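Report on the structure
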Amino acid sequence: MIPEPGVVPSALAEPTVRVRPGWTAAVVLANVGVFAAWLGPIQVLLAKQSESVAPGNKEFVFGLVTGVGAAVSVFANPAFGAISDRTTSRFGRRVPWVVAGAVGGAVGLGILAGAHLIALMLLGWCLMQLFGNALLAAATAVVPDRVPVLQRGGVGGWVAISQVLGALVGTALAAAFDSYALGYAACAAFLLLSVVPYVLRSHDVQLVERPTFVLRDFLRGFWISPRRYPDFGWAWLTRFLFNVGNALGTLYLFYYLQDKVGVDDPDTAVLILTAIYSVCVLTTAITCGRWSDRSERRKVFVTASGWVMAVAGVVLAVWPTWAGAILGAIILGMGFGVYLAVDFALLTQVLPSAQDRAKDLGVINIANSLPQVLAPAIAAPIVKHLGGYPVLYLLASAVTVLAGVLVTRIRSVN
């Protein structure tokens, strides 16, 4: 059925009906699944596997695998987002890609479970990144698809903390087994199960008319001019900088605890810090997301989060002890929780068009994945030759402060 002229198809209409808690929980669980499948390997499994495959050059192998995988995600997220925007399946625009992403990601984790060569590690991790981003692009776009603007801070807080909950679940699954192969299998199983509630109760609206496809216009659509859409440009840059700072601060946490702090069991130490960090993120994300909705202000929260996160980096730089790591995790969690909740709501308010929500959020998500490509190239030489972990964490602090300052350049959102 083709809509009448001047009538906005319901799949593209600005949402006005508040979503229910059960719907939000299903979306959050799907996001937790994909982040667990990413962050369990990044926090523990890939580090252990790299040490097993190349014990004398573990930092290089770990950086190579995570960097190449992140490069895949740079292209995968906006590409799958654009495809999702144009999908006319009777199940809706998003559901088919949530399912395909979960299945494909589980295959990638299965390859990693049996990988004893760097090439197989690269293949498995690149598949996980490719299909995981298909899932994430679809699961992220459902928020502006279905959630009214004045509910996005609260819902966005829950969706945003899925990254942290995913880190907690993934790290727990990874640390629960002595064998990294079993850890990968557990993450794969959780990924597949996590999308079931969303598939059953998504109520995804079918796109009744696919936009005309012109290859040149399709490819040009991935460039969103910062001159034409300056607020989108500033939002992209600030998210990029926040994620650079976060990646610099967390990428080598396993090795920081093992080599600098000197803990005896870095697996368990990462899990403990992740749990502490997650509780702090959960607390501030939900409370500040709702506070942001009530006050109808976003930028002041994002700016404050940048300064708080910077303090955490300073603590880790100058106090490399177990107590310092715990304090750093508390402060970082508090700051990152505010950032995750409020910045996501802000981003949905500067998207150029309803028709391209997933693609535009995919372009935004390049700001999440590109830092994962750059961070190993920056962090590895700093850790080995240019001052070590103190310099690394002070640099991370400086970058998050800059991001918090630049968010004030956005004009259309308070």
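Residues numbered from 1 in each chain as written. Predicted model: local features only at pLDDT ≥ 70, side-chain atom pairs only at ≥ 80, totals over all residues. Heavy atoms only, no water.

Focus on the overall build of the protein chain
Check the secondary structure of the protein chain and you find 15 helices and zero strands. Computed over C-alpha atoms, the radius of gyration of the protein chain comes to 20 Å, within 12% of the 22 Å expected from 2.2 N^0.38 for 414 residues, which places it in the range of a compact globule. Principal axes of the C-alpha set define a box for the protein chain whose edges measure 65 × 45 × 40 Å. Out of the 414 residues belonging to the protein chain, those deemed buried represent 56%. Approximately 16600 Å² of the protein chain is accessible, and the part contributed by carbon and sulfur atoms is 68%. Averaged over its 28 positive side-chain charges, the protein chain has a centre that lies 7 Å from the centre of its 20 negative ones. (Helix = DSSP H or I, 4+ residues; strand = E, 2+ residues; numbered from the N terminus. Rg over C-alpha atoms; globule rule 2.2 N^0.38 Å. Buried < 20%, exposed > 50% of the residue type's maximum accessible area, 1.4 Å probe, protein only. Areas by Shrake-Rupley, 256 points an atom, 1.4 Å probe, with all protein chains shown as cover. Lys, Arg positive; Asp, Glu negative; His and termini not counted. Charge placed at Lys NZ, Arg CZ, Asp CG, Glu CD.)

A closer look at the nonpolar core
Counting 118 residues, the largest nonpolar core has Leu-46 and Leu-257 as its most contacted members. Of all the elements, helix α1 (residues 21-53) adds the most residues to this core, at 16 residues. When residues of this core are sorted by domain, at least three fall in each of domain 1 (17-202) and domain 2 (224-413). For Leu-257, the residues in contact, after removing those within four places along its chain, are Gly-262, Val-263, Ala-269, Val-270, Leu-273, Trp-322 and Ala-325. (Core = buried A, V, L, I, M, F, W, Y, C linked by side-chain atoms within 4.5 Å. Domains from an automatic or database assignment. Contact = heavy atoms within 4.5 Å.)

Some words on a nonpolar patch on the surface
On the surface, Val-99, Val-103, Val-107, Leu-192 and Val-199 cluster together into a nonpolar patch covering about 350 Å² of accessible area. A total of three residues in the nonpolar patch trace back to one element, the largest contributor, which is helix α3 (residues 95-113). Inspection of the secondary structure puts Val-103 in helix α3. (Patch = residues over 30% accessible without salt bridge, like charges linked within 9 Å, V, L, I, M, F, W, Y side chains within 5 Å. Salt bridge = Lys/Arg side-chain N within 4 Å of Asp/Glu carboxyl O.)

A look at the side chain of Arg-239
Within the element layout of this structure, Arg-239 appears in helix α9 (residues 230-250). What makes Arg-239 buried here is its relative accessible area of 7%. When residues no more than four places from it in sequence are discounted, the contact partners of Arg-239 are Tyr-339, Asp-343, Phe-344, Leu-347, Ile-364, Asn-365, Ala-367 and Asn-368.

What about the confidence of the model for the protein chain?
Per-residue confidence for the protein chain gives a mean pLDDT of 83; residues scoring 70 or more make up 91%. Counting contacts from residues 1-9, a segment whose pLDDT is below 50, to residues more than four positions away or on other chains yields seven contacts. (pLDDT = per-residue confidence, 0-100.)

Looking at the packing of helix α10 (residues 253-261) against helix α11 (residues 266-295)
Contact geometry of α10 with α11 gives a least axis separation of 9 Å together with a crossing angle of 125°. If you check the angle between α10 and α11, you find them oblique. As α10 runs across α11, the sense of the crossing is right-handed. Across the interface between the two elements, Leu-253, Phe-254, Leu-257 and Gln-258 of α10 pack against Pro-266, Asp-267, Ala-269, Val-270 and Leu-273 of α11. (Axes fitted to C-alpha atoms, helices over the stretch in contact; angles between N-to-C directions. Parallel < 35°, antiparallel > 145°, perpendicular 65-115°, else oblique. Left-handed = near helix turned anticlockwise from the far one by under 90°.)

Observations concerning the side chain of Gln-129
Topologically, Gln-129 is positioned in helix α4 (residues 118-146). If we ignore the near neighbours within four places in the chain, the residues touching Gln-129 are Trp-38, Gly-69, Ala-70, Val-72 and Ser-73.

Some thoughts on helix α13 (residues 322-348)
End to end, α13 covers 38 Å across 27 residues, agreeing with the expected 39 Å (1.5 Å per residue, within 8%). α13 sits mainly inside the fold: 21 of its 27 residues count as buried. (Expected span 1.5 Å × (residues − 1).)

Comments concerning the packing of α3 against α4
Here α3 crosses α4 at 165°, and the two axes come no closer than 7 Å. As far as their axial angle goes, α4 and α3 are roughly antiparallel. Considering how the two elements wind past one another, α3 and α4 form a crossing that is left-handed. Along the lines of polarity and charge, the residues of the contact of α3 with α4 split into 18 nonpolar, six polar and no charged. (Nonpolar A, V, L, I, M, F, W, Y, C, P; charged D, E, K, R; others polar.)

Let's talk about the environment of Trp-236
Take Trp-236: it is sitting in helix α9. Distance from Trp-236 to Ala-25, taken between C-alpha atoms, is 27 Å for residues 211 residues apart in sequence. Leave out the neighbours within four places in its chain, and Trp-236 touches Val-363, Ile-364, Ile-366, Ala-367 and Leu-370.

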